[in-house]
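Here is how the chains run, residue by residue.
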Amino acid sequence: GAVVSQHPSWVICKSGTSVKIECRSLDFQATTMFWYRQFPKQSLMLMATSNEGSKATYEQGVEKDKFLINHASLTLSTLTVTSAHPEDSSFYICSASSSGSNEQYFGPGTRLTVT
Amino acid sequence: DAKTTQPNSMESNEEEPVHLPCNHSTISGTDYIHWYRQLPSQGPEYVIHGLTSNVNNRMASLAIAEDRKSSTLILHRATLRDAAVYYCILRDVIIGRDDKIIFGKGTRLHILP
């Protein structure tokens, strides 16, 4: 089956710094990637949708200048949390799909802790 | 996405069957019924999906009501590793119309040893 990886699996950073999370499709070309955020005991919340080579589309209430998304290739999308604050501490999950398919494959998630 | 309604939580004994219900009374004719599950501290994983007929795979079975307004995910013999949050999601069959997956609260399944 299709595999999506995320790196790092967990990260701790200091308040005010930026952190980058990578999402890779390992065995297929991901024309579309999605980024989710999940707080403890809550469901996944979609943050943005990114298509390869295009600007990401952000969901209402998600600050595009704070959560920078780059989808420069068919196998890699990155999410950069800029000027992170403790309230940004969360579990970030990406998913990917290929052209002509509705199937989405999820990454294992990245746990971000901002101190 | 059309809305789905699931119980917040359920409990089952190990090695017994589990029936997880989902109501989707506003389902449209082109909506597939998808089930995903999320194990603790992991990303969601696909379980099964169907349109009208009941479906079986190695993980589970999906029973769909004749009017398609409800469905039931069946785990035939639950193990401790099946403890997870199970999400019932409707997705349009037409590619490109419903690319995003919007997750509801799901059902948290507890398995008792």
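That block above? That's the structure.
Residues numbered from 1 in each chain as written. Chains lettered and ligands numbered in written order. Predicted model: local features only at pLDDT ≥ 70, side-chain atom pairs only at ≥ 80, totals over all residues. Heavy atoms only, no water.

*Asks:* Tell me about the side chain of A:T82, and please be specific about residues and values.
*Replies:* All names here are of chain A. Locating T82 in the fold gives a position in the loop between β8 (76-81) and β9 (90-97). Residue T82 is classed as buried on the basis of its relative accessible area, which comes to 18%. Here the side chain of T82 touches D65 through a polar contact of 3.3 Å, landing on its backbone oxygen. Other than its neighbours up to four places away in sequence, T82 contacts T17, S18, D65, K66 and L68. (Helix = DSSP H or I, 4+ residues; strand = E, 2+ residues; numbered from the N terminus. Buried < 20%, exposed > 50% of the residue type's maximum accessible area, 1.4 Å probe, protein only. Polar contact = N/O pair within 3.5 Å; in protein donor to acceptor, adjacent residues only side chain to side chain. Contact = heavy atoms within 4.5 Å.)

*Asks:* Give me the lowdown on the state of the cysteines, citing residues and values where you can.
*Replies:* Using the criterion set out here, one finds two disulfides over all chains in the structure. At a sulfur-sulfur separation of 2.0 Å, the disulfide partner of A:C23 is A:C94. Here the S-S torsion is close to 80°, and the disulfide linking A:C23 with A:C94 is therefore right-handed. Linking A:C23 in strand β3 (residues 19-25) with A:C94 in strand β9, this pair joins segments that are 71 residues apart in sequence. This pair shows no difference in class: A:C23 is buried, exactly as A:C94 is. A sulfur-sulfur separation of 2.1 Å characterises the disulfide bridge that pairs B:C22 with B:C88. Its S-S torsion of about -80° marks the bond between B:C22 and B:C88 as left-handed, since a negative value means left-handed. Of the two residues, B:C22 is situated in strand β2 (residues 18-23) and B:C88 in strand β8 (residues 84-92); the sequence distance between them amounts to 66 residues. The same class applies to B:C22 as to B:C88, namely buried. No disulfide involves A:C13; its sulfur sits 18 Å from the nearest other cysteine sulfur, which is in A:C94. (Disulfide = S-S within 2.5 Å.)

*Asks:* Any chance you could break down the nonpolar core for me, citing the residues and the numbers?
*Replies:* Counting residues in each nonpolar core, the largest one holds 24 residues, and the members touching the most others are A:W35, A:F67, A:L79, A:Y92 and A:L112. Contributing elements (two or more residues each) for this core: β2 (10-13), β3, β4 (32-38), β5 (45-51), β7 (67-73), β8, β9 and β11 (110-114) of chain A. Counting 21 residues, the second-largest nonpolar core is a separate cluster that includes B:V18, B:L62, B:L75 and B:Y86. (Core = buried A, V, L, I, M, F, W, Y, C linked by side-chain atoms within 4.5 Å.)

*Asks:* Describe in detail the sheet that holds strand β9 (residues 107-112) of chain B, supporting the description with residues and values.
*Replies:* Residues and elements named next belong to chain B. With mixed pairing, five strands are arranged side by side in an open sheet as β1-β9-β8-β3-β4. Here the strands that pair on one side only, and so sit at the sheet edges, are β1 (9-13) and β4 (45-50). Ignoring which end each strand starts from, the neighbouring axes of this sheet average 25° apart. Alignment of strand β3 (residues 31-38) against β8, held across eight bridges, turns out to be antiparallel. When the bridges of β8 are listed, Y32 appears paired with R91. (Pairing = 2+ DSSP bridges. Axes fitted to C-alpha atoms, helices over the stretch in contact; angles between N-to-C directions.)

*Asks:* Outline the side chain of A:T78, supporting the account with residue identities and numerical values.
*Replies:* Residue and element names in this part refer to chain A. Tracing the backbone shows T78 in strand β8. For T78, a relative accessible area of 10% puts it in the buried group. Ignoring anything within four residues of it in the chain, the contact list for T78 reads K20, I21, E22, W35, L68, I69 and N70.

*Asks:* I'd like to hear about the packing of aromatic side chains, residue by residue, with values.
*Replies:* One pass over the structure, following the stated rule, counts nine aromatic pairs over all chains. Measuring from ring centre to ring centre gives 5.7 Å for A:F106 and B:Y36, while their planes differ by 80°; the resulting arrangement is edge-to-face. Taken together, the positions of A:F106 in strand β10 (residues 105-106) and B:Y36 in strand β3 put the pair across two chains. B:Y36 matches A:F106 in its accessibility class, with the two residues each being buried. An aromatic cluster is present here, built from A:Y36, A:F106, B:Y36, B:Y46, B:Y87 and B:F103 joined pairwise through their rings. Over the ring of A:F67 we find A:K66, and its NZ or CZ is 5.9 Å from the ring centre. (Phe/Tyr/Trp six-rings, centres within 6.5 Å; stacked < 30°, edge-to-face > 60°. Lys NZ or Arg CZ within 6 Å of the ring centre and 35° of its normal.)

*Asks:* Could you give an account of the pairing of β7(A), with specific residues and numbers?
*Replies:* All names here are of chain A. Examined bridge by bridge, β7 and β8 share five bridges and lie antiparallel to one another. Counterpart to F67 in the pairing with β8 is V81. In this structure, the hairpin formed by β7 and β8 is closed by a connection of two residues.

*Asks:* Describe the sheet that holds β3(A), with residues and values.
*Replies:* All names here are of chain A. The antiparallel open sheet is built from four strands, whose spatial order is β1-β3-β8-β7. If you trace the sheet from one side to the other, it starts and ends with β1 (4-7) and β7, each paired once. Across the sheet, the mean angle separating the axes of adjacent strands is 15° when strand polarity is ignored. Inspection of the sheet shows β3 paired to β8 by six bridges, in the antiparallel sense.

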